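# Summary of structural features
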Amino acid sequence: MIDLADRPDVSPELRLVPHAFREAYGRSAEGVWYAPGVVSVLPGLSVCGRWGAIVAGERRDDGIVELASINKPAEPVVLPSDDVPSWAKPVVQVAERLQPGGATLLCSVDLPAGSGLSSQTALACAAALALRDLCHPSMPLGHLVDVLAQSQPQSRVEAAFAGYEVGVDIAGARLLIVDTRVRRDTPVRLTDYSIRQHGSVEQLGQDLTDFHRAQETETEQDIAVAAALKAGALGATMLVDDPGRPVVALATPDRVAAVRAYVSGAFRRETLTAPRYLTIRPSPGARRVTG
């Protein structure tokens, strides 16, 4: 079987991690696993984006779990350990519950924590799939989801495995994630809000805006939402992706560029750090890529 790292038909981000695994350990990984980032747009509505987490791994027989990250190459982890860097905590939590017996995992996350796509949940899901397939192949997926839900929001875990859109159809519209660069350690308590049954994408957009107005928000989130609406977005709302405080806007494809320009302009006028953007199209769920 051709190593995934050598397949030109595979996207570069999927080739990178198995290539790095082979370079680091001198052999090909047994498998490669992927889990998407999840945008929790509203209660009952989550959308998976193609950016997420990728894990290459192999089983080992010495009882050691070795973790490394392409994003944090100077912070490897050998379990058990009392000194776990922040990047590895989602993986360590999964490993402690699954008790894999021994594995080597090389991880990569496309986006920083807090940028709006639940990257830590994606990493936990990809690592859990890898450990399940390598060490407990008969474990039902439902049980794996239950294990993950002990340390990650269950709705995000379920969405990561379901893929695409969970809850409501966004039709041909686009979701534009605005990473405001705001990072806060204080927890956010969301106000209860029941979404309606949506007959149109326009109604969904209005629900996003209504949800935002019902919450306690950061100033930067309010600025981004107001600018997005002024640019013609169908709706926009704050997101919570701890420690980040991003925003999501729903827009037709022809308005996405205008929304970006208006939000950037509003941040510039307020002398705020320029935001980062991701345009989301619904993507498949977590899966084993090869091996």
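It should be noted that the structure appears before, not after, this text.
Across its full length, the chain carries eight helices and 11 strands. Compactness check: the chain gives a C-alpha radius of gyration of 20 Å against a globular reference of 19 Å for 291 residues, within 12% of the reference. Structurally, the chain occupies a C-alpha span of about 60 × 40 × 35 Å along its principal axes. Out of the 291 residues in the chain, the part that is buried amounts to 53%. By sequence separation, contacts in the chain at least 24 residues apart represent 72% of the contacts at least 6 residues apart.

This next bit is on the packing of aromatic side chains. Going through the model one piece at a time under the given rule, you end up with one aromatic pair. Seen from the ring of tryptophan 51, arginine 50 lies directly overhead, with NZ or CZ sitting 4.5 Å from the centre.

Put simply, the largest pocket is a space of about 570 Å³. Every residue lining the largest pocket is counted, 26 residues in all, and those nearest its centre are Ser86, Trp87, Pro90, Ala113 and Gln120. Of all the secondary-structure elements, those providing two or more residues to the lining of the largest pocket are α2 (89-98), β5 (103-109) and α3 (119-135). Here the lining of the largest pocket is built from residues that sort into 10 nonpolar, nine polar and seven charged. Taken as a whole, the second largest pocket holds about 420 Å³ of empty space. Taken together, the elements giving at least two residues each to the lining of the second largest pocket come down to β1 (31-42), β2 (45-59) and α5 (154-162). Its residues assigned to classes, the lining of the second largest pocket shows 15 nonpolar, seven polar and four charged.

We now examine the nonpolar core. Soluble globular proteins tend to pack their nonpolar side chains together in the buried interior. Among the nonpolar cores identified, the biggest contains 44 residues, and Leu67, Leu105, Leu123, Leu144, Leu148 and Phe161 are the most heavily contacted of them. Top element by residues in this core is α3. It accounts for 12 residues. Excluding its chain neighbours within four sequence positions, the residues that come into contact with leucine 123 are Ala53, Val55, Trp87, Val91, Cys107 and Val109. Formed by 25 residues, the second largest nonpolar core is a distinct cluster that contains Val41, Leu204, Phe211 and Val248.

Below, the discussion takes up the sheet that holds strand β9 (residues 247-251). Neighbouring strands of a sheet are bound in pairs by backbone hydrogen bonds; such pairs are parallel or else antiparallel. One open sheet holds the four strands; their spatial order is β8-β9-β7-β10, and the pairing between them is antiparallel. Pairing within the sheet leaves two strands with one partner each, and these edge strands are β8 (235-238) and β10 (276-280). The average undirected angle you get between the axes of adjacent strands in this sheet is 20°. Inspection of the sheet shows strand β7 (residues 174-179) paired to β9 by five bridges, in the antiparallel sense. In the strand pairing of β9, arginine 174 is matched with alanine 251.

At their nearest, the axes of α2 and α3 sit 8 Å apart, and the two run at 35° to each other. For the crossing formed where α2 meets α3, the hand is right-handed. When α2 is examined against α3, the residues Pro90, Val91, Val94, Ala95 and Leu98 are found in contact with a partner set consisting of Gln120, Leu123, Ala124, Ala127, Ala128 and Leu131. Residue classes in the contact of α2 with α3 are distributed as 10 nonpolar, one polar and no charged.

Cut-offs used in this document
- Residues numbered from 1 in each chain as written.
- Predicted model: local features only at pLDDT ≥ 70, side-chain atom pairs only at ≥ 80, totals over all residues.
- Heavy atoms only, no water.
- Helix = DSSP H or I, 4+ residues; strand = E, 2+ residues; numbered from the N terminus.
- Rg over C-alpha atoms; globule rule 2.2 N^0.38 Å.
- Buried < 20%, exposed > 50% of the residue type's maximum accessible area, 1.4 Å probe, protein only.
- Contact = heavy atoms within 4.5 Å.
- Phe/Tyr/Trp six-rings, centres within 6.5 Å; stacked < 30°, edge-to-face > 60°.
- Lys NZ or Arg CZ within 6 Å of the ring centre and 35° of its normal.
- 1 Å grid on protein atoms, 1.4 Å probe; cavity = no way out; pocket = protein on both sides within 12 Å on 5 of 7 lines; lining within 4 Å.
- Points joined across faces, edges and corners; volume = space filled by probe spheres on them.
- Nonpolar A, V, L, I, M, F, W, Y, C, P; charged D, E, K, R; others polar.
- Core = buried A, V, L, I, M, F, W, Y, C linked by side-chain atoms within 4.5 Å.
- Pairing = 2+ DSSP bridges.
- Axes fitted to C-alpha atoms, helices over the stretch in contact; angles between N-to-C directions.
- Left-handed = near helix turned anticlockwise from the far one by under 90°.

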